[in-house]
Amino acid sequence: VAISKPLRYMTIMNWKVCAVLGVAMWTAGTVHSISFTSLTIKLPYCGPDEIDNFFCDVPQVIELACTDTRITEILVVSNSGMISMVCFVIIVVSYAVILVSLRQQISDGKRKALSTCAAHLTVVTLFLGHCIFIYSRPSISLPEDKIVSAFFTAVTPLL
């Protein structure tokens, strides 16, 4: 909205719209987290209680279970895959709208908008890339997991 309709931004993005968007995101995040927590809390755990990673994530916790976790892994992959794909589609559509609207603006405005979009797209790609790498495969530890996790926890917030 800020790029496509900058003069109407304050009327379109009023406090009510911001509050609805905020509540929707908090609700979606809470439901997503509760679903993962309910999946992992029911599993029987035995043996080592150490995770070979920088932070505790669902696939690493599932790996600690001493039972067959294929169904849980499928649910985790499908849940995260669905959320990642919905986010990806929304972002691609919004960038398509932005690029179409930029064709009609002057060059200085285009440069500012494209630099903002490039930075945002870089961070979103890193975030969704991490999600796809971690959640789209069975719960096994790979040496690359630590590198991806460190990159995700340090570089993405920095950008």
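Residues numbered from 1 in each chain as written. Predicted model: local features only at pLDDT ≥ 70, side-chain atom pairs only at ≥ 80, totals over all residues. Heavy atoms only, no water.

- Looking at an unreviewed UniProt entry, one finds the chain named Olfactory receptor and attributed to Xenopus laevis.

**A short note on the overall build of the chain**
Then, number 1: Helix and strand content of the chain: six helices and zero strands.
Then, number 2: The helix and strand sequence of the chain, counted from the amino end, reads α-α-α-α-α-α.
Then, number 3: Taking 15 Å as the expected radius of gyration for a compact globule of 159 residues, we find that the chain reaches 20 Å, considerably beyond that expectation.
Then, number 4: Projected onto its principal axes, the C-alpha positions of the chain cover 65 × 35 × 20 Å.
Then, number 5: For the chain, buried positions account for 25% of its 159 residues. (Helix = DSSP H or I, 4+ residues; strand = E, 2+ residues; numbered from the N terminus. Rg over C-alpha atoms; globule rule 2.2 N^0.38 Å. Buried < 20%, exposed > 50% of the residue type's maximum accessible area, 1.4 Å probe, protein only.)

**Overview of the state of the cysteines**
Then, number 1: Counted under the stated rule, the structure contains one disulfide.
Then, number 2: Here Cys46 engages in a disulfide with Cys66; their sulfurs sit 2.3 Å apart. Separated by 20 residues along the polypeptide, Cys46 in the loop between α2 (15-41) and α3 (58-63) and Cys66 in the loop between α3 and α4 (70-102) bring together distant segments of the chain.
Then, number 3: Here Cys18 is not disulfide-linked; the sulfur of Cys87 is the nearest cysteine sulfur, at 18 Å.
Then, number 4: We classify Cys18 as partly exposed; its relative accessible area is 34%.
Then, number 5: A residue is classified by how much of its surface remains accessible, and Cys87, at 33% relative accessible area, is partly exposed. (Disulfide = S-S within 2.5 Å.)

**With respect to the domain arrangement of the chain**
Then, number 1: As assigned here, the chain comprises domain 1 (1-42) and domain 2 (68-158).
Then, number 2: Once you take the C-alpha centre of each, domain 1 and domain 2 turn out to be 16 Å apart.
Then, number 3: Facing the six residues of domain 1 at the interface are 14 residues of domain 2.
Then, number 4: Of the roughly 770 Å² buried between domain 1 and domain 2 on both sides combined, carbon and sulfur atoms contribute 70%. (Domains from an automatic or database assignment. Contact = heavy atoms within 4.5 Å. Buried area = accessible area lost by both parts, 1.4 Å probe.)

**So, the pattern of salt bridges**
Then, number 1: Under the criterion given, the structure shown has one salt bridge.
Then, number 2: Asp68 is paired through a salt bridge with Arg70; the nearest N and O atoms lie 3.0 Å apart. (Salt bridge = Lys/Arg side-chain N within 4 Å of Asp/Glu carboxyl O.)

**Remarks on the UniProt feature "transmembrane region" (unreviewed entry) in the chain**
Then, number 1: Summarizing the sequence annotation, UniProt attributes the feature "transmembrane region" (unreviewed entry) to residues 82-102 and 114-135 in the numbering used throughout.
Then, number 2: With 100% helix and 0% strand, residues 82-102 has end C-alpha atoms that lie 30 Å from one another.
Then, number 3: Measuring from the first to the last C-alpha atom of residues 114-135 gives 30 Å, for a span that is 100% helix and 0% strand. (UniProt positions renumbered as here; feature names shortened; annotations may be inferred.)

**Some details on helix α6 (residues 143-158)**
Then, number 1: In this model α6 runs 23 Å from its N-terminal to its C-terminal C-alpha over 16 residues, within 8% of the 22 Å that 1.5 Å per residue would give.
Then, number 2: At Phe152, α6 shows its maximal kink, close to 30°.
Then, number 3: All buried positions along α6 are accounted for by Asp145, Ser149, Phe152 and Thr156. (Expected span 1.5 Å × (residues − 1). Bend = angle between axes of the 7 residues up to and from the residue.)

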